[in-house]
Amino acid sequence: MNITMIGTGYVGLVTGTCFAEFGHLVTCVDKIADKITRLQEGIIPIYEPGLDVLVQKNTDEGRLRFTTDLAAAVPEAEAVFIAVGTPSSRRGDGYADLTYIYEAAREIAVHLQGYTVVVDKSTVPVGTARQVERIIRETNPQADFDVASNPEFLREGAAISDFMRPDRVVIGVESEKAGQVLQEIYKPLYLRETPIVSTTIETAELTKYAANAFLAVKISFINEIAGVCEAVNANVVDLARAIGMDGRIGSKFLHPGPGYGGSCFPKDTLALMRLVQEHGENVRVVEAAVEANAAQKARMIRKIREMLGGSEAGKTIGVLGLTFKPETDDMRDAPAATILPALLEKGAKLRAHDPKGMEEAKKCLPGGIEYVKNAYEAAEDADCLVLMTEWNQYRALDLERLKSRMRSPVFIDLRNVYDPQRMQAAGFVYTGVGRK
Ligand code: UDX
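The rules behind the values
- Residues numbered from 1 in each chain as written.
- Predicted model: local features only at pLDDT ≥ 70, side-chain atom pairs only at ≥ 80, totals over all residues.
- Heavy atoms only, no water.
- Helix = DSSP H or I, 4+ residues; strand = E, 2+ residues; numbered from the N terminus.
- Rg over C-alpha atoms; globule rule 2.2 N^0.38 Å.
- Contact = heavy atoms within 4.5 Å.
- Domains from an automatic or database assignment.
- Buried area = accessible area lost by both parts, 1.4 Å probe.
- Salt bridge = Lys/Arg side-chain N within 4 Å of Asp/Glu carboxyl O.
- Nonpolar A, V, L, I, M, F, W, Y, C, P; charged D, E, K, R; others polar.
- Buried < 20%, exposed > 50% of the residue type's maximum accessible area, 1.4 Å probe, protein only.
- Near = heavy atom within 4 Å.
- Polar contact = N/O pair within 3.5 Å; in protein donor to acceptor, adjacent residues only side chain to side chain.
- Areas by Shrake-Rupley, 256 points an atom, 1.4 Å probe, with all protein chains shown as cover.
- Expected span 1.5 Å × (residues − 1).
- 1 Å grid on protein atoms, 1.4 Å probe; cavity = no way out; pocket = protein on both sides within 12 Å on 5 of 7 lines; lining within 4 Å.
- Points joined across faces, edges and corners; volume = space filled by probe spheres on them.
- Pairing = 2+ DSSP bridges.
- Axes fitted to C-alpha atoms, helices over the stretch in contact; angles between N-to-C directions.
- Right-handed = clockwise from strand over helix to strand, strands pointing away.

The number of helices and strands found in the chain is 18 helices and 14 strands. The C-alpha atoms of the chain give 23 Å as radius of gyration, which agrees with the globular expectation for 436 residues (22 Å, within 12%). With the C-alpha coordinates of the chain rotated into their principal frame, the extents come out at 70 × 50 × 45 Å. Long-range contacts, defined as pairs at least 24 residues apart, comprise 72% of the intrachain contacts of the chain with a sequence gap of at least 6.

Let us now look at the domain arrangement of the chain. For interface size, the figure often reported is the accessible area lost on association. Taken as a whole, the chain is organised into domain 1 (2-199) and domain 2 (213-431). Each of domain 1 and domain 2 has a C-alpha centre, and the two are 33 Å apart. Tallying the contact residues gives 17 residues for domain 1 and 16 residues for domain 2. Both sides of the domain 1 and domain 2 interface together cover about 1400 Å² of buried area, and 52% of this is carbon and sulfur. Where domain 1 packs against domain 2, one counts one salt bridge. The closest approach of N and O atoms between Glu 156 and Arg 332, which form a salt bridge, is 3.9 Å. The residue makeup of the side of domain 1 that touches domain 2, split by class, is nine nonpolar, five polar and three charged.

Our focus in this paragraph is unusual backbone geometry. Positive phi outside glycine occurs at Asn 233, with the angle close to 60°. Counting through the fold element by element, Asn 233 comes out in the loop between α10 (201-232) and α11 (236-244). Judged by relative accessible area, which is 57%, Asn 233 ranks as exposed. Even without glycine at this site, Glu 327 takes up a positive phi of about 60°. Relative to the assigned elements, Glu 327 resides in the loop between β9 (316-320) and α14 (335-345). Residue classification places Glu 327 among the partly exposed residues on the basis of a relative accessible area of 25%.

Near the ligand there are 18 residues, and of these Glu 156, Lys 208, His 255, Phe 324 and Lys 325 occur at the shortest range. The side chain of Glu 152 places a nitrogen or oxygen atom 3.2 Å from an oxygen atom of the ligand. Between an oxygen atom of the ligand and a main-chain N or O atom of Phe 153, the distance comes to 3.5 Å. Protein contact buries 93% of the 660 Å² of open area that the ligand shows by itself.

With that settled, consider helix α12 (residues 265-278). Between its terminal C-alpha atoms α12 stretches 20 Å, which fits the 20 Å expected from 14 residues at 1.5 Å a residue. Turning to α12, its buried residues number three or more, namely Phe 265, Pro 266, Lys 267, Asp 268, Thr 269, Ala 271, Leu 272, Met 273, Arg 274, Leu 275 and Val 276. Looking at the buried residues of α12, the elements they touch are α10 and α13 (284-307). One or two residues past the end of α12 sits Gly 280, with phi positive at roughly 65°.

On to the layout of surface pockets. Taken as a whole, the second largest pocket holds about 1200 Å³ of empty space. Lining the second largest pocket are 47 residues, and of these Gly 9, Tyr 10, Val 84, Gly 85 and Arg 332 lie nearest its centre. Taken together, the elements giving at least two residues each to the lining of the second largest pocket come down to α1 (10-21), α2 (33-40), α5 (99-111) and α12. Of the residues forming the lining of the second largest pocket, the biggest block, four residues, is contributed by α5. When its residues are assigned to classes, the lining of the second largest pocket shows 20 nonpolar, eleven polar and 16 charged. Each of domain 1 (2-199) and domain 2 (213-431) gives at least three residues to the lining of the second largest pocket.

Looking now at the sheet that holds strand β13 (residues 410-413). Read from one edge of the open sheet, six strands run β11-β10-β9-β12-β13-β14, paired in parallel fashion. Two strands bound the open sheet, and with one partner strand each, they are β11 (369-371) and β14 (429-431). Strand-to-strand twist of the sheet, defined as the mean angle between neighbouring strand axes without regard to direction, takes the value 20°. As paired elements, β13 and β14 share three bridges and run parallel to each other. Residue pairing for β14: Phe 411 is matched across the bridge by Tyr 430.

This next bit is on the pairing of strand β5 (residues 116-120). On a regular strand, one side chain projects to one face of the sheet and the next to the other, so that they alternate. Along β5, five of the five residues are buried, which leaves the element largely enclosed by surrounding structure. Taking every second residue as pointing to the same face, both faces of β5 are buried, with Thr 116, Val 118 and Asp 120 on one and Val 117 and Val 119 on the other. Here strand β4 (residues 79-82) runs beside β5; their pairing, made up of four bridges, is parallel. Bridge assignment links Phe 81 to a residue of β5, and that residue is Val 119. Note that the unit made of β4, α5 and β5 has a crossover that is right-handed.

Structure, rendered in structure tokens:
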């Protein structure tokens, strides 16, 4: 199949490259010429493990190309995917900003030739595909097309494996013809018996929000239970294991931490709440999860303050990890982006390290943070060390070496990476999340 992908961000670039890996001919379009030039040179603008190799391979084999020329890329495509950003609107009211989606729809409309399926891949509020359809019909009444919704469930840092071995593919279509085109596109996954859920457009659009909102609820749930565990001196890691063995609960996404971040959960939960309000409905459970997430970050700030004897002022805090999760350079809504500024404000001195995220962090964190080369430099003269993001690099640190550099051996493990007994035996004053 000939596929055109509009947008070469986390979703568009991974999806386009993986479609090419399936054997399709893919043209990725972006407005930002510099980004396209770098992609043509094999320079990937984001950190996603394995993506650079896959882009190079498919470009070399002639199935993947990059262009700014949307006019040339649309006519030949049997399916045009819209994978542009839908950031939270600048009004800060939680609505998804659909400007780029509608702009793409208008531009696509003009160049449609032959029957084409226009597919929303971006996470969009229910009803957006209908708007896209209206815009295209108004812009080009002669166009022979259908719209479809095909939400993605890719985790950053695992996006390629999530794409190649998805739990399911969700397709929202209104016509048999559009359904056939999308089934054809995902045909290579049949080999792995991947279930394809074909449903209405609105159902597919809402599915994406419901999936992300549920995962956010699950994380906020275990974060709050972790607080209860601290109060009654229980161990949340054992508790999570025990409840997760119930097939109805499942063991994934029961790791307490400093709160969820990223470009999806925070944005999609808010967008769902706004969408629901517009229809006079409620998602109180999701609202509570959003509130609990903000409270979790505040709780981490208090935890650090308590471990420093009641005040951060004048204290040196070593921070291990800045990104919202490991295996990404993404700082969007990372817990560190809330926690570190609060510590600075109270007069703390921060020495931070992250394997991949320091460049991004410098753009979004306030000045005054010293960025260092590794965990041991972050420990230099530190009154405490905070493990913020569970990068593998931090999982087997030389505790003796760490301790010898610190002013006081206080270890605050916000991802429960280390064993409390082991840390105490190594001479650390240790605390985790949900276990002492
Ligand atoms: C998420 C969804 O998982 C994915 O399906 C969707 O397409 C996009 O959003 P992503 O945001 O990339 O993916 O990362 P994910 O691995 O889901 O983690 C999201 C946040 O939750 C991270 O901040 C992570 O640290 C946090 N998290 C995750 C926890 O705090 N505890 C957990 O047990 C799992």
